[in-house]
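Overview (structure and organization)
These are the residues of each chain, in order.
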Amino acid sequence: MIRVVTLDPIDDKQLAKFNRTLYTAFGVGSEHSGSAEIPAGMSEPLDAEKLVDAVKGIRAYTDDKVLLLTTRKLKDRELPSGTAPTVGFARQGKDRAVLSIHPHKDLESAYKGLARHALHQLGHLWELHHCLDPRCSMYPPWTPSFSQGEPIFCTFCREKSEQKIRLAKS
Ligand SMILES: [Zn+2]
Ligand SMILES: [Zn+2]
């Protein structure tokens, strides 16, 4: 199942809606599994890669996927053309990802775009790769139009994620 772990206070109603969106996209249970602390010594902007490894005290079982949710800014990523904001990060095929709501004041104020980024990062945890279909949440997230799309997968990515989820359960 998907466990959303909050690193900063986030409205319960908005979290419940967010979990319903994740459930719809993956067909697997998604719940708010409590909160965790940002490790001492980590300051804003947070290094997303270090953060996913360093957060302690998360209760999760084998095959659970953990999405850390923060309102704080993640360090910009370096691109050949300069730097770009980082909304999220996931280790391909592993069990943890992070999503930042920054610079939005809450989930609701940029709901679709943030949900789409969440699908994208969780997709990587289930080994999905980037997808050429611009409607799909696995489309490259640094593209300008990404956040305007719907939090959905194309048929190929949906089927691939379902297959991975089934394999993990058996
Ligand atoms: Zn990606
Ligand atoms: Zn796709």
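Structural data are supplied above this passage.
Reference entry: report on the structure contained in this document. As the structure is a prediction and not an experimental result, all values here were calculated from the model.

Cut-offs applied
- Residue numbering note: each chain is counted from 1, following its sequence as written.
- Here every chain gets a letter starting at A, and every ligand a number starting at 1, in the order they are written.
- With the structure being a predicted model, the display of local features is reserved for residues of pLDDT at least 70 and the display and counting of side-chain atom pairs for 80 or more, all residues being used for whole-chain, interface and lining totals.
- The side-chain figures draw on all heavy atoms in the structure; neither hydrogens nor water molecules are used.
- Runs of E in the DSSP output that reach at least two residues are strands. Runs of H or I that reach at least four are helices, and both are numbered from the N terminus.
- The contact rule is simple, with two residues in contact once any of their heavy atoms fall within 4.5 Å.
- Expected helix span is computed as 1.5 Å times (number of residues minus one).
- When accessible area is computed with a 1.4 Å probe and restricted to protein chains, residues below 20% of their type maximum are described as buried, those above 50% as exposed, and intermediate ones as partly exposed.
- It is the directions from the helix axis to the C-beta atoms whose arc is reported.
- Here a polar contact means two N or O atoms within 3.5 Å. Within protein one must be a hydrogen donor candidate and the other an acceptor candidate, and residues neighboring in sequence count only if both atoms are side-chain atoms.
- Coordinating donors are taken as N, O and S atoms within 2.8 Å of the metal, stretched to 3.2 Å for Na, K and Ca; because water is absent from the atoms, sites can appear incomplete.
- At least two bridges found by DSSP between two strands are what make those strands a pair.
- Axis angles are defined between N-to-C directions and span 0 to 180 degrees, where every axis is a line fitted to C-alpha atoms and, for a helix, only to the segment in contact.
- Each label reflects the angles at the metal, where four donors whose angles all fall between 85 and 135 degrees are tetrahedral, four or six donors whose opposite pairs open beyond 155 degrees and whose other angles stay between 65 and 115 are square planar or octahedral respectively, and the rest are irregular.
- Definition used for salt bridges: Asp or Glu carboxyl oxygen within 4 Å of a side-chain nitrogen of Lys or Arg.

Some details on the environment of Phe-89
Assignment of secondary structure puts Phe-89 in strand β6 (residues 88-90). Linking Phe-89 and His-120, residues 31 residues apart in sequence, is a C-alpha distance of 9.2 Å. Leave out the neighbours within four places in its chain, and Phe-89 touches Ala-48, Glu-49, Val-52, Ala-97, Val-98 and Gln-121.

Some remarks on helix α1 (residues 12-26)
Counted at 1.5 Å a residue, the expected span for α1 with its 15 residues is 21 Å, and the 21 Å between its end C-alpha atoms agrees. Within α1 the residues assigned to the buried category are Gln-14, Leu-15, Phe-18, Asn-19, Thr-21, Leu-22, Ala-25 and Phe-26. Projected down its long axis, α1 shows its buried positions confined to an angular sector of 160°, all on one face. Exposed and oriented more than 90 degrees from the buried face of α1 are Asp-12, Lys-13, Arg-20 and Thr-24. On its buried face, α1 is in contact with β1 (2-6), β2 (30-35), β3 (65-70), β7 (96-100), α3 (111-125) and α4 (155-169). The backbone nitrogen of Lys-13 has a side-chain oxygen 3.1 Å away, supplied by the residue at the start of α1, namely Asp-11. A positive backbone phi angle near 70° is found at Gly-27, which sits one or two residues after α1.

Brief notes about the coordination of the zinc ion (ligand 1)
Coordination sphere of the zinc ion (ligand 1), protein contribution only: His-120 (NE2), His-124 (NE2) and His-130 (NE2), at 2.0 to 2.1 Å. Mapping the donors of the zinc ion (ligand 1) onto the primary sequence gives the spacing H-x3-H-x5-H. With His-120 in helix α3 and His-130 in the loop between α3 and α4, this pair connects stretches of sequence that are 10 residues apart. On the basis of relative accessible area, His-120 is assigned to the buried category, the value being 1%. Using a relative accessible area of 37% as the deciding quantity, one classes His-130 as partly exposed.

Some words on the sheet that holds β6
With mixed pairing, five strands are arranged side by side in an open sheet as β2-β1-β3-β7-β6. One side of each edge strand has no neighbouring strand; the edge strands of this open sheet are β2 and β6. Adjacent strand axes in the sheet meet at a mean angle of 20° when their direction is disregarded. Both β1 and β2 contribute to a ladder of four bridges, which runs parallel.

Quick word on the coordination of the zinc ion (ligand 2)
All of the protein donors around the zinc ion (ligand 2) are Cys-131 (SG), Cys-136 (SG), Cys-154 (SG) and Cys-157 (SG); their distances to the metal are 2.3 to 2.4 Å. Considering all four donor atoms around the zinc ion (ligand 2), angles at the metal cover 104 to 114° and the coordination shape is tetrahedral. Taken in sequence order, the residues that donate to the zinc ion (ligand 2) follow the motif C-x4-C-x17-C-x2-C. On the basis of relative accessible area, Cys-157 is assigned to the buried category, the value being 3%.

Section: the pattern of salt bridges
Summed over all chains, the structure comprises 12 salt bridges. Lys-17 is the partner of Glu-108 in a salt bridge, and the nearest nitrogen-oxygen pair spans 2.9 Å. With Glu-108 in the loop between β7 and α3 and Lys-17 in helix α1, this residue pair connects regions lying 91 residues apart in the sequence. Taking the relative accessible area as the measure of exposure, Lys-17 reaches 28% and is therefore partly exposed. Overlapping salt bridges bring together Arg-3, Glu-31 and Asp-64 as one network.

Re the pairing of β7
Among the five residues in β7, five count as buried, and that is most of the element. Residues Arg-96, Val-98 and Ser-100 of β7 are buried on one face, and the alternating residues Ala-97 and Leu-99, pointing to the opposite face, are buried as well. The antiparallel hairpin formed by β6 and β7 contains five residues in its connecting segment, where Gly-93 sits at a positive phi of about 75°.

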